[in-house]
Amino acid sequence: MTNAKTLQVTAQGDREIVMTRVFDAPRRRVFDAHTKSELAKRWLLGPPGWSMPVCEIDLRVGGKYRYVWRRDSDGKEMSMGGVFREIVPPERLVATERFDDPWYPGEALDTLVLVEQGGKTTLTQTMLLASREARDAVLKSGMEKGVEASYDRLEEMLVGSK
Amino acid sequence: MVNYSNALDATFSALSDPTRRAILSQLAGGQRSVTELAQPFDVSLPAISKHLRVLERARLVVQEKEGRIRRCRLSAEPLHDADDWLENYRRFWEERFQLLDALLDEMKTQEKKRRRTKRQRR
(Lines give C-alpha, C1' and ligand atoms only; values in the text may rest on other atoms or scores of the structure.)
Protein backbone atom coordinates (compact mmCIF):
# COMPACT_ATOMS: atom_id res chain seq x y z
CA MET A 1 0.00 0.00 0.00
CA THR A 2 2.72 2.47 0.96
CA ASN A 3 4.75 1.26 -2.01
CA ALA A 4 2.01 2.23 -4.42
CA LYS A 5 2.36 5.82 -3.28
CA THR A 6 6.09 5.97 -3.99
CA LEU A 7 6.99 8.71 -6.42
CA GLN A 8 8.78 7.49 -9.54
CA VAL A 9 10.98 9.96 -11.41
CA THR A 10 12.64 9.00 -14.68
CA ALA A 11 14.56 10.85 -17.37
CA GLN A 12 12.95 9.78 -20.64
CA GLY A 13 14.66 10.17 -24.00
CA ASP A 14 16.68 13.35 -24.37
CA ARG A 15 14.28 16.03 -23.27
CA GLU A 16 11.72 14.64 -20.83
CA ILE A 17 11.31 14.13 -17.12
CA VAL A 18 8.43 11.86 -16.14
CA MET A 19 6.94 11.60 -12.64
CA THR A 20 4.36 9.03 -11.58
CA ARG A 21 2.55 8.72 -8.26
CA VAL A 22 -0.68 7.27 -6.89
CA PHE A 23 -3.07 9.33 -4.74
CA ASP A 24 -5.77 7.91 -2.51
CA ALA A 25 -8.51 10.14 -3.96
CA PRO A 26 -10.73 10.39 -7.04
CA ARG A 27 -9.12 12.30 -9.91
CA ARG A 28 -11.66 15.12 -9.73
CA ARG A 29 -10.13 16.17 -6.42
CA VAL A 30 -6.55 15.81 -7.71
CA PHE A 31 -7.48 17.91 -10.75
CA ASP A 32 -9.05 20.60 -8.53
CA ALA A 33 -5.94 20.67 -6.33
CA HIS A 34 -3.92 21.51 -9.45
CA THR A 35 -6.27 24.06 -10.98
CA LYS A 36 -7.97 26.00 -8.16
CA SER A 37 -5.55 28.58 -6.82
CA GLU A 38 -6.80 28.43 -3.21
CA LEU A 39 -6.00 24.69 -3.26
CA ALA A 40 -2.81 24.79 -5.37
CA LYS A 41 -1.14 27.30 -3.01
CA ARG A 42 -1.54 24.85 -0.14
CA TRP A 43 0.88 22.28 -1.57
CA LEU A 44 2.79 23.71 -4.55
CA LEU A 45 5.40 25.14 -2.22
CA GLY A 46 9.09 25.80 -2.68
CA PRO A 47 11.85 24.48 -0.43
CA PRO A 48 11.33 24.81 3.37
CA GLY A 49 11.46 28.45 4.46
CA TRP A 50 9.79 29.73 1.26
CA SER A 51 6.18 30.95 1.12
CA MET A 52 3.95 31.31 -1.94
CA PRO A 53 2.45 34.82 -1.93
CA VAL A 54 1.12 34.66 -5.52
CA CYS A 55 -0.79 31.76 -7.07
CA GLU A 56 -3.00 32.95 -9.94
CA ILE A 57 -4.72 30.50 -12.26
CA ASP A 58 -6.93 31.54 -15.20
CA LEU A 59 -8.21 28.10 -16.18
CA ARG A 60 -9.14 28.34 -19.86
CA VAL A 61 -7.26 27.46 -23.04
CA GLY A 62 -4.97 30.43 -23.69
CA GLY A 63 -5.41 31.55 -20.06
CA LYS A 64 -2.35 32.26 -17.92
CA TYR A 65 -1.11 31.08 -14.54
CA ARG A 66 1.51 32.68 -12.37
CA TYR A 67 3.32 31.48 -9.24
CA VAL A 68 5.64 33.51 -7.01
CA TRP A 69 7.67 32.03 -4.16
CA ARG A 70 9.43 34.15 -1.52
CA ARG A 71 12.19 33.19 0.90
CA ASP A 72 10.96 34.58 4.20
CA SER A 73 14.46 35.16 5.63
CA ASP A 74 15.61 37.71 3.02
CA GLY A 75 12.64 38.31 0.70
CA LYS A 76 14.36 36.70 -2.31
CA GLU A 77 11.74 35.83 -4.94
CA MET A 78 11.43 33.18 -7.61
CA SER A 79 8.56 33.27 -10.08
CA MET A 80 7.25 31.35 -13.03
CA GLY A 81 4.19 31.17 -15.23
CA GLY A 82 2.75 29.90 -18.45
CA VAL A 83 -0.26 29.43 -20.68
CA PHE A 84 -2.83 26.61 -20.69
CA ARG A 85 -2.87 24.71 -23.96
CA GLU A 86 -5.32 21.88 -23.25
CA ILE A 87 -7.85 21.45 -20.45
CA VAL A 88 -9.86 18.23 -20.16
CA PRO A 89 -11.29 18.04 -16.61
CA PRO A 90 -10.64 15.87 -14.67
CA GLU A 91 -8.12 13.93 -16.74
CA ARG A 92 -5.70 16.06 -18.69
CA LEU A 93 -3.98 19.42 -18.43
CA VAL A 94 -1.29 20.78 -20.76
CA ALA A 95 0.49 24.05 -20.03
CA THR A 96 3.72 25.83 -20.89
CA GLU A 97 6.10 26.88 -18.14
CA ARG A 98 8.84 29.47 -17.99
CA PHE A 99 10.70 31.03 -15.06
CA ASP A 100 10.94 34.84 -15.02
CA ASP A 101 14.60 34.53 -14.08
CA PRO A 102 15.40 31.53 -16.29
CA TRP A 103 17.68 28.86 -14.85
CA TYR A 104 17.10 26.46 -17.74
CA PRO A 105 17.07 27.48 -21.42
CA GLY A 106 13.79 27.80 -23.34
CA GLU A 107 10.21 27.05 -22.42
CA ALA A 108 8.96 23.72 -21.06
CA LEU A 109 5.68 21.96 -21.80
CA ASP A 110 4.01 20.19 -18.86
CA THR A 111 1.42 17.47 -19.43
CA LEU A 112 -0.59 16.20 -16.47
CA VAL A 113 -2.54 12.96 -16.97
CA LEU A 114 -4.86 11.57 -14.26
CA VAL A 115 -6.16 8.01 -14.46
CA GLU A 116 -8.69 6.82 -11.87
CA GLN A 117 -9.21 3.22 -10.81
CA GLY A 118 -11.09 2.00 -7.74
CA GLY A 119 -11.19 5.46 -6.18
CA LYS A 120 -7.42 5.93 -6.54
CA THR A 121 -5.72 8.24 -9.01
CA THR A 122 -2.48 7.64 -10.87
CA LEU A 123 -0.83 10.93 -11.72
CA THR A 124 1.68 11.15 -14.58
CA GLN A 125 3.40 14.48 -15.03
CA THR A 126 5.64 14.84 -18.09
CA MET A 127 7.90 17.84 -18.47
CA LEU A 128 9.15 18.28 -22.04
CA LEU A 129 12.11 20.62 -22.24
CA ALA A 130 13.53 22.56 -25.16
CA SER A 131 16.81 20.63 -25.23
CA ARG A 132 18.78 17.94 -23.48
CA GLU A 133 20.88 20.64 -21.78
CA ALA A 134 17.71 22.19 -20.37
CA ARG A 135 16.49 18.82 -19.09
CA ASP A 136 19.79 18.13 -17.37
CA ALA A 137 19.77 21.63 -15.85
CA VAL A 138 16.38 20.90 -14.28
CA LEU A 139 17.63 17.64 -12.83
CA LYS A 140 20.73 19.39 -11.49
CA SER A 141 18.55 21.99 -9.79
CA GLY A 142 17.09 19.25 -7.60
CA MET A 143 20.54 18.91 -6.13
CA GLU A 144 21.00 22.64 -5.63
CA LYS A 145 17.58 23.06 -4.06
CA GLY A 146 18.32 20.13 -1.80
CA VAL A 147 21.57 21.74 -0.70
CA GLU A 148 19.91 25.12 -0.24
CA ALA A 149 17.13 23.55 1.82
CA SER A 150 19.62 21.83 4.10
CA TYR A 151 21.52 25.09 4.62
CA ASP A 152 18.24 26.77 5.52
CA ARG A 153 17.50 24.00 8.02
CA LEU A 154 21.01 24.27 9.46
CA GLU A 155 20.51 28.02 9.85
CA GLU A 156 17.21 27.45 11.66
CA MET A 157 18.92 24.97 13.94
CA LEU A 158 21.78 27.36 14.72
CA VAL A 159 19.43 30.28 15.39
CA GLY A 160 17.26 28.04 17.55
CA SER A 161 20.17 26.86 19.68
CA LYS A 162 21.29 30.37 20.72
CA MET B 1 32.07 20.93 -8.48
CA VAL B 2 32.69 21.88 -12.11
CA ASN B 3 34.36 18.54 -12.81
CA TYR B 4 31.55 16.71 -11.08
CA SER B 5 29.06 18.58 -13.22
CA ASN B 6 30.98 17.78 -16.44
CA ALA B 7 31.08 14.12 -15.50
CA LEU B 8 27.31 14.17 -15.05
CA ASP B 9 26.89 15.87 -18.44
CA ALA B 10 28.95 13.07 -19.99
CA THR B 11 26.81 10.47 -18.21
CA PHE B 12 23.50 11.92 -19.39
CA SER B 13 24.86 12.50 -22.87
CA ALA B 14 26.03 8.88 -23.07
CA LEU B 15 22.64 7.67 -21.80
CA SER B 16 20.67 9.73 -24.31
CA ASP B 17 21.16 7.18 -27.10
CA PRO B 18 18.94 4.05 -27.27
CA THR B 19 21.71 1.80 -28.67
CA ARG B 20 24.05 2.83 -25.84
CA ARG B 21 21.31 2.19 -23.27
CA ALA B 22 20.77 -1.27 -24.78
CA ILE B 23 24.52 -1.95 -24.62
CA LEU B 24 24.51 -1.02 -20.93
CA SER B 25 21.59 -3.30 -20.15
CA GLN B 26 23.43 -6.16 -21.90
CA LEU B 27 26.50 -5.45 -19.78
CA ALA B 28 24.36 -5.43 -16.65
CA GLY B 29 24.11 -9.21 -17.30
CA GLY B 30 27.90 -9.59 -17.19
CA GLN B 31 31.04 -9.06 -19.30
CA ARG B 32 30.71 -9.24 -23.10
CA SER B 33 33.12 -9.10 -26.01
CA VAL B 34 32.62 -6.35 -28.59
CA THR B 35 31.39 -8.94 -31.13
CA GLU B 36 28.83 -10.29 -28.64
CA LEU B 37 27.63 -6.77 -27.94
CA ALA B 38 27.19 -6.02 -31.64
CA GLN B 39 25.09 -9.15 -32.33
CA PRO B 40 21.59 -7.94 -31.36
CA PHE B 41 22.00 -4.68 -33.29
CA ASP B 42 21.69 -3.99 -36.96
CA VAL B 43 24.87 -1.93 -36.96
CA SER B 44 28.51 -2.48 -37.94
CA LEU B 45 31.30 -3.31 -35.52
CA PRO B 46 32.95 0.12 -36.04
CA ALA B 47 29.60 1.75 -35.15
CA ILE B 48 29.41 -0.30 -31.92
CA SER B 49 33.04 0.59 -31.16
CA LYS B 50 32.14 4.25 -31.53
CA HIS B 51 29.26 3.88 -29.04
CA LEU B 52 31.61 2.03 -26.69
CA ARG B 53 34.13 4.88 -26.86
CA VAL B 54 31.40 7.34 -25.80
CA LEU B 55 30.44 5.04 -22.93
CA GLU B 56 34.10 4.68 -21.99
CA ARG B 57 34.62 8.45 -21.94
CA ALA B 58 31.63 8.72 -19.62
CA ARG B 59 33.31 6.04 -17.45
CA LEU B 60 30.24 3.83 -17.83
CA VAL B 61 32.14 1.04 -19.56
CA VAL B 62 35.62 -0.35 -19.04
CA GLN B 63 37.30 -2.19 -21.93
CA GLU B 64 40.02 -4.77 -21.28
CA LYS B 65 42.11 -6.64 -23.84
CA GLU B 66 42.41 -10.39 -23.49
CA GLY B 67 44.72 -11.46 -26.30
CA ARG B 68 42.93 -10.34 -29.43
CA ILE B 69 39.54 -10.09 -27.78
CA ARG B 70 38.29 -6.86 -26.27
CA ARG B 71 36.04 -7.49 -23.27
CA CYS B 72 33.71 -4.85 -21.90
CA ARG B 73 32.24 -4.50 -18.45
CA LEU B 74 29.87 -2.08 -16.79
CA SER B 75 31.20 0.54 -14.39
CA ALA B 76 28.23 1.61 -12.35
CA GLU B 77 29.60 4.53 -10.35
CA PRO B 78 28.60 7.36 -12.76
CA LEU B 79 25.12 5.83 -12.91
CA HIS B 80 24.88 6.24 -9.15
CA ASP B 81 25.77 9.92 -9.51
CA ALA B 82 23.00 10.33 -12.09
CA ASP B 83 20.67 8.54 -9.67
CA ASP B 84 21.59 11.07 -6.98
CA TRP B 85 20.30 13.82 -9.26
CA LEU B 86 17.02 12.08 -9.85
CA GLU B 87 16.83 11.33 -6.13
CA ASN B 88 17.10 15.01 -5.16
CA TYR B 89 14.52 16.03 -7.72
CA ARG B 90 12.32 13.17 -6.50
CA ARG B 91 12.65 14.26 -2.87
CA PHE B 92 11.67 17.85 -3.71
CA TRP B 93 8.46 16.67 -5.42
CA GLU B 94 7.73 14.00 -2.84
CA GLU B 95 7.57 16.70 -0.16
CA ARG B 96 5.01 18.59 -2.25
CA PHE B 97 2.99 15.46 -2.96
CA GLN B 98 2.82 14.62 0.74
CA LEU B 99 1.23 18.03 1.29
CA LEU B 100 -1.15 17.20 -1.56
CA ASP B 101 -2.05 13.87 0.17
CA ALA B 102 -3.02 15.81 3.29
CA LEU B 103 -4.99 18.34 1.26
CA LEU B 104 -6.91 15.59 -0.58
CA ASP B 105 -7.85 14.02 2.78
CA GLU B 106 -9.09 17.38 3.97
CA MET B 107 -11.14 17.88 0.77
CA LYS B 108 -12.74 14.47 1.34
CA THR B 109 -13.74 15.34 4.92
CA GLN B 110 -15.17 18.69 3.80
CA GLU B 111 -17.22 17.09 1.03
CA LYS B 112 -18.65 14.58 3.50
CA LYS B 113 -19.55 17.40 5.88
CA ARG B 114 -21.25 19.34 3.09
CA ARG B 115 -23.26 16.30 2.05
CA ARG B 116 -24.33 15.69 5.65
CA THR B 117 -25.50 19.30 6.09
CA LYS B 118 -27.46 19.08 2.84
CA ARG B 119 -29.17 15.90 3.99
CA GLN B 120 -30.05 17.45 7.37
CA ARG B 121 -31.57 20.45 5.61
CA ARG B 122 -33.90 18.23 3.59
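What counts and what doesn't
For every chain, the first residue of the written sequence is number 1, and numbering continues from 1 onward in sequence order. Lettering of chains starts at A and numbering of ligands starts at 1, both following the order in which they are written. Only residues with pLDDT of at least 70 are given local features in this predicted model, and only at 80 or more are side-chain atom pairs given and counted; all residues enter the totals for whole chains, interfaces and linings. With hydrogens and water set aside, each side-chain value is computed from the structure's full complement of heavy atoms. Strands here are runs of E lasting at least two residues and helices are runs of H or I lasting at least four, both read from the DSSP assignment and numbered beginning at the N terminus. Here the expected span of a helix is defined as 1.5 Å times the quantity of residues minus one. Axis geometry follows a simple rule: fit a line to the C-alpha atoms, using only the stretch in contact for helices, then measure angles between N-to-C directions, giving values from 0 to 180 degrees. Angular relationships are summarised with four words: roughly parallel below 35 degrees, roughly antiparallel beyond 145, roughly perpendicular across 65 to 115, and oblique for the angles in between. When checking whether two residues touch, look at their non-hydrogen atoms; a contact exists if any pair is within 4.5 Å. Under the scheme applied, nonpolar residues are Ala, Val, Leu, Ile, Met, Phe, Trp, Tyr, Cys and Pro; charged residues are Asp, Glu, Lys and Arg; polar residues are all the others, including Gly. Paired strands, as defined in this entry, are two strands with at least two bridges between them according to DSSP. Definition used in this section: a nonpolar core is a set of buried Ala, Val, Leu, Ile, Met, Phe, Trp, Tyr and Cys residues joined via side-chain atoms within 4.5 Å. Only protein chains enter the calculation, and the probe is 1.4 Å; a residue is then buried if its accessible area is under 20% of its type maximum, exposed if over 50%, and partly exposed in between. Values labelled buried area give the accessible surface lost by two parts on being combined, using a 1.4 Å probe and summing over both. The salt bridge definition used is simple: a Lys or Arg side-chain nitrogen within 4 Å of an Asp or Glu carboxyl oxygen. Residues adjacent in sequence count toward polar contacts only when both atoms are side-chain atoms; beyond that, a polar contact is any pair of N or O atoms within 3.5 Å, and within protein one must be able to donate a hydrogen and the other to accept it. As a per-residue quantity, pLDDT reports the predictor's confidence and falls between 0 and 100. For the charge count, each Lys or Arg is scored as positive and each Asp or Glu as negative, with His and the chain ends excluded.

Okay, helix α4 (residues 45-57) of chain B next. For α4 of chain B, with 13 residues, the first-to-last C-alpha span of 18 Å sits near the 18 Å given by 1.5 Å per residue. Just beyond α4 of chain B, the residue with positive phi is R59 of chain B, at close to 60°.

Angle between the axes and distance between the axes are the two parameters that describe a pair of packed helices. Residues and elements named next belong to chain B. Closest axis-to-axis distance for the helix α2 (residues 18-27)/α4 pair is 10 Å, and the angle between their directions is 75°. Here α2 lies roughly perpendicular to α4, going by the angle between them. Along the contact surface, α2 presents T19, R20, I23 and L24, while α4 presents I48, H51, L52, V54 and L55. Taken together, the residues of the contact of α2 with α4 sort by class into six nonpolar, two polar and one charged.

On to the environment of R98 of chain A. Note on placement: R98 of chain A falls in strand β6 (residues 92-99). Put simply, R98 of chain A and G81 of chain A are 17 residues apart on the chain and 5.7 Å apart in space, counted from C-alpha to C-alpha.

Here we take up the sheet that holds strand β2 (residues 61-66) of chain B. All names here are of chain B. Spatially, β1-β3-β2 is the arrangement adopted by the three strands of the open sheet, whose pairing is antiparallel. The outermost strands of the open sheet, each flanked by one partner alone, are β1 (32-33) and β2. Pairing geometry for β2 and strand β3 (residues 69-74), over six bridges, is antiparallel. Residue pairing across strands places K65 opposite R70, the latter belonging to β3. Contacts between α2 and the sheet are confined to β1, β2 and β3, with β3 contributing the most and set at about 90° to the helix. Across the sheet, α4 touches β2 and β3, and the angle it forms with β2 is around 120°.

Ranked by internal contacts, the top residues of the largest apolar core, which has 46 residues, are Y67 and Y104 of chain A together with Y89, W93 and F97 of chain B. Among the elements that line this core, the one with the most residues is helix α5 (residues 77-121) of chain B, at nine residues. Not counting residues up to four positions away in its chain, the partners in contact with F97 of chain B are L7, M19, R21, F23, W43 and L123 of chain A.

The subject of this paragraph is the interface of chain A and chain B. When the parts come together, some accessible area is lost, and that loss is often what is quoted as the size of the interface. Counting residues at the interface gives 38 residues for chain A, matched by 28 residues for chain B. Counting each side, the surface lost to burial between chain A and chain B is near 3300 Å², with a carbon and sulfur contribution of 66%. Summed over the shared surface of chain A and chain B, the number is five salt bridges. Linking chain A to chain B there are seven residue pairs in polar contact (both at pLDDT 80 or more). Of all the secondary-structure elements, those providing two or more residues to the side of chain A that touches chain B are β1 (8-12), β2 (16-23), α1 (27-35), α2 (37-43), β8 (120-128) and α3 (132-160) of chain A.

This part covers unusual backbone geometry. Residues P89 of chain A and P90 of chain A are joined by a peptide bond in cis, for which omega reads -5°. Following the sequence through the fold, P90 of chain A ends up in the loop between β5 (77-88) and β6.

All right, on to the pairing of β2 of chain A then. All names here are of chain A. β2 sits mainly inside the fold: six of its eight residues count as buried. Between β1 and β2, which follow one another and run antiparallel, lie three residues, and G13 among them has a positive phi close to 60°. Of the strand pairs in this sheet, β2 and β8 are connected by eight bridges, and their pairing is antiparallel. Note on β8: the bridge partner recorded for E16 is L128.

So, about the confidence of the model for chain B. All names here are of chain B. In the predicted model, chain B carries a mean pLDDT of 82, and the fraction of residues at 70 or more is 87%. For chain B, per-element mean pLDDT is lowest for helix α1 (residues 2-15), which scores 67, and highest for α4, which scores 90. The ipTM, which scores confidence in the relative placement of chains, is 0.77 for this predicted complex, and the corresponding pTM is 0.66.

A word on the environment of P47 of chain A. By the element assignment, P47 of chain A lies in the loop between α2 and β3 (50-57). Considered as a pair, P47 of chain A and W69 of chain A are 22 residues apart in the sequence and their alpha carbons are 9.4 Å apart.

Before going further, it helps to examine the side chain of D17 of chain B. Residues and elements named next belong to chain B. Mapped onto the elements, D17 comes out in the loop between α1 and α2. One buried charged residue, D17, forms no salt bridge at all, with the nearest opposite charge on R20 at 4.5 Å. Polar side-chain contacts of D17 include one of 2.9 Å to the backbone nitrogen of T19.

Moving on: the pattern of salt bridges. Under the defined criterion, the tally for this structure stands at 19 salt bridges over all chains. A salt bridge links D101 of chain B to R21 of chain A; the shortest N-O distance between them is 2.8 Å. Taken together, the residues span two chains, with D101 of chain B in helix α5 and R21 of chain A in strand β2. No difference in accessibility class separates D101 of chain B from R21 of chain A, as the two residues are buried. Two residues, D58 of chain A and R60 of chain A, come together in a salt bridge whose shortest N-O distance is 2.8 Å. Salt bridges here are not isolated pairs; linked through shared partners, they connect R132, E133, R135 and D136 of chain A.

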